[in-house]
Amino acid sequence: MPLLEVQQLSIAFQQYTKGSRQQMVTVMEELDLAINEGEIVAVVGASGSGKSLLAHAIMGILPANAYISGSIRYNGEQLDEAKLKSLRGSEIALVPQSVSYLNPLIRVGKQLQTNKDSIEQHSERKGLFERFRLGEHVARLFPFQLSGGMARKVLVSTAALSRTRLIIADEPTPGMHPDDVAEALKQFKQLAAEGCAVLLITHDIEAAIRIADKVAVCYAGSIIEIAPASDFSGAGNELRHPYSQALWRALPQNGFIPISGTQPSMGLGLQGCLFADRCNRAVDACKVSRQESRQIRSGIVRCMHAT
Amino acid sequence: MLQRLAVFTGKKIIRLFLLLATVSIITFALVAMSPIDPVQSYIGADVMRVGTEQRAEIAAYWGLDKPFAERFIKWAGAMLQGDMGTSMIYRESVTKIIAERFIHSALLMAFAWSLSGVIGFAAGVVAALKRGSWIDRAITSYCYTLASTPAFWVGLLLMMVFAVWLGWLPIGLGVPAGMLAGTVTAADYIKHMILPGVTLSVVGIAPIALHTRQKLIEVMDSDYILFARARGESGASLFFRHALRNIALPAITLQFASFGELFGGAVLAEQVFSYPGLGQATVEAGLRGDVPLLMGLVLCSTLFVFTGNALADFFYQMVDPRLRLQKEAQR
Ligand code: SF4
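Residues numbered from 1 in each chain as written. Chains lettered and ligands numbered in written order. Predicted model: local features only at pLDDT ≥ 70, side-chain atom pairs only at ≥ 80, totals over all residues. Heavy atoms only, no water.

A. Fine view of the overall build of chain A. Counting its regular elements, chain A contains 8 helices and 12 strands. Based on the C-alpha atoms only, the size of chain A along its principal axes is roughly 60 × 50 × 40 Å. Counting all 307 residues of chain A, 52% fall into the buried class. With an accessible surface of roughly 13,800 Å², chain A has 52% of that area assigned to carbon and sulfur atoms. Charge separation in chain A, taken as the distance between the mean sites of 32 positive and 30 negative side-chain charges, equals 4 Å. (Helix = DSSP H or I, 4+ residues; strand = E, 2+ residues; numbered from the N terminus. Buried < 20%, exposed > 50% of the residue type's maximum accessible area, 1.4 Å probe, protein only. Areas by Shrake-Rupley, 256 points an atom, 1.4 Å probe, with all protein chains shown as cover. Lys, Arg positive; Asp, Glu negative; His and termini not counted. Charge placed at Lys NZ, Arg CZ, Asp CG, Glu CD.)

Here it is, written out as structure tokens:
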């Protein structure tokens, strides 16, 4: 049984358009994803593909005008608000993108503790500081005084308690020095080795395939392929979906072939495959209806031509 | 820290002196140019019985026949020795008048200031936390209405309702009319302060409430509140641990920076309720060309407003760790 199982998750926002008419804008569609203990699953995709929303949906911290449908199961049980209330910040932890997720007016040391900490966690957090090689003085700094690398470690340390079983890391490596990226990835790898399930949300495919077991590719609010990380290699022929292949081949070391066109913005109510107008294998049938998820080899794909 | 505090204070004191000097010169010049004849207002109702010669004598007695520069230098010299002169209309030492009235005004303003601060802050917090609800709409529309309502009008309205119709509170003055000073009780003072105080605070609530609401909405939408929620904080602990201090500082700063409006409002409120404070004295001194008293009052109010702004600056620069530590790092 997977630790976290997301089935048919859709997210819509209620928006006010001109006048005061309300409109539901769907930003994520029928997303399926599962993750086991000790496993690292990466969700990759360009910005605007809705991948951060997935993190917020699982944590139950979407804004009030968001509506979700589908199911999120944790440890075999439905993850509802009551359950989340006890799990958030204890068993399920979020590693945010940047230091702007820390309160600017509270010293780091004090801020790391939450009202869910017992004395045990209190001392555990101190131990983490040593483990991440953060000096004791760091606890007395304010967030804006942290250097990039330090901030990264502090943010990861918020999640790295032993009670944590699922870590959701939202863009943990943006604009980081390669050494720091390696360091950050090492930390996640280590946490997974200790039995954590790690959901890594990133636009950095290279970073993702370096540590992930599975990679889910997100496009315009839906996951179009889930593949073992090892399929991202060579010319990308192992990949199932034309978009995954194009994304892979757009990397500098893989030919640097740009993908023409732009990702359609969500909520336009497009018919058929969302990638159709950029896909070189598109046929008329592609535009009729959404592609269902299919199991192909050891992956999942939403494309009628996938082999 | 102590050293920085000393530098901060030193700079402020130098500024204050420059400001006071400038304000003195300008006020003095303005009064000298004003069409009000101080001799005329000094004589008042006795106008028929005073001849031209006597007028000249009076002018000479107050030094009004001397040229502007000479008068100013004489006044400034005395001022530097701590002598603010004698009021022409009250015929008492300016120091004594200001001291007496200052107590009245200070109590009034302190009352209004704390009231508007506490109510405004609380209203702003409630509005922001219940954003979009009827209570938020009620608070914001109340604030917008008040922000565009003149203080004297609010004062008149309150006076009509509570003093004239209901008769709960005295119509005006600082103490009951015709009572011996010794027999006036603290309750009397308070009773007379309520209406002008409330008038003054009612107008002061709007800016602090709207500002706090805006800030808190920003804070509640911020990444760090989102993350705090993701870490399991919620409800009251979320607000007190993560939001309160982030909105308290701007609110305190704003509240101190509003000393100018507070004093301006006090002038009007005191006028409406004939409350014997600094504001009322300022109006009197201005209208009747009482130069020594007016100068004393102007300097006094400048000092007051300046102190408020300096405190606001202090909170802004010295208490917010981002500004404080950045400044230290630059050194
Ligand atoms: S379904 Fe059609 S358009 Fe969509 S990716 Fe596959 S081939 Fe391209």
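So much for the structure itself; the text now carries on.
B. Just the pattern of salt bridges, in detail. Residues and elements named next belong to chain A. Counted by the stated rule, this structure contains 15 salt bridges over all chains. Between Glu-29 and Arg-290 there is a salt bridge; the shortest N-O distance is 2.7 Å. With Glu-29 in strand S2 (residues 22-35) and Arg-290 in the loop between helix H8 (242-249) and strand S11 (294-296), the pair connects residues that are 261 residues apart, well separated along the chain. Overall, Arg-290 belongs to the partly exposed group, its relative accessible area being 27%. Measuring nitrogen to oxygen at the nearest pair gives 2.6 Å for the salt bridge that ties Glu-37 to Arg-165. Taken together, the positions of Glu-37 in the loop between S2 and strand S3 (40-44) and Arg-165 in the loop between helix H5 (148-159) and strand S7 (166-170) put the pair 128 residues apart, joining distant regions of the chain. Arg-165 gets classed as partly exposed once you look at its relative accessible area, which sits at 25%. In the salt-bridge network here, residues are joined through shared partners; they are Glu-37, Glu-91 and Arg-165. (Salt bridge = Lys/Arg side-chain N within 4 Å of Asp/Glu carboxyl O.)

C. Highlighting the sheet that holds strand S4 (residues 66-74) of chain A. Residue and element names in this part refer to chain A. On the basis of which strands lie adjacent, the open sheet formed by 4 strands has the order S2-S1-S4-S5 and antiparallel pairing. Edge strands, defined here as strands with exactly one partner in the open sheet, are S2 and strand S5 (77-78). Note that strand S1 (residues 4-16) and S2 share 10 bridges and pair antiparallel. Counterpart to Ile-11 in the pairing with S2 is Met-28. Sheet strands touched by helix H1 (residues 51-59): S1, S2 and S4. Its angle to S1, the strand with the most contacts, is close to 105°. (Pairing = 2+ DSSP bridges. Contact = heavy atoms within 4.5 Å. Axes fitted to C-alpha atoms, helices over the stretch in contact; angles between N-to-C directions.)

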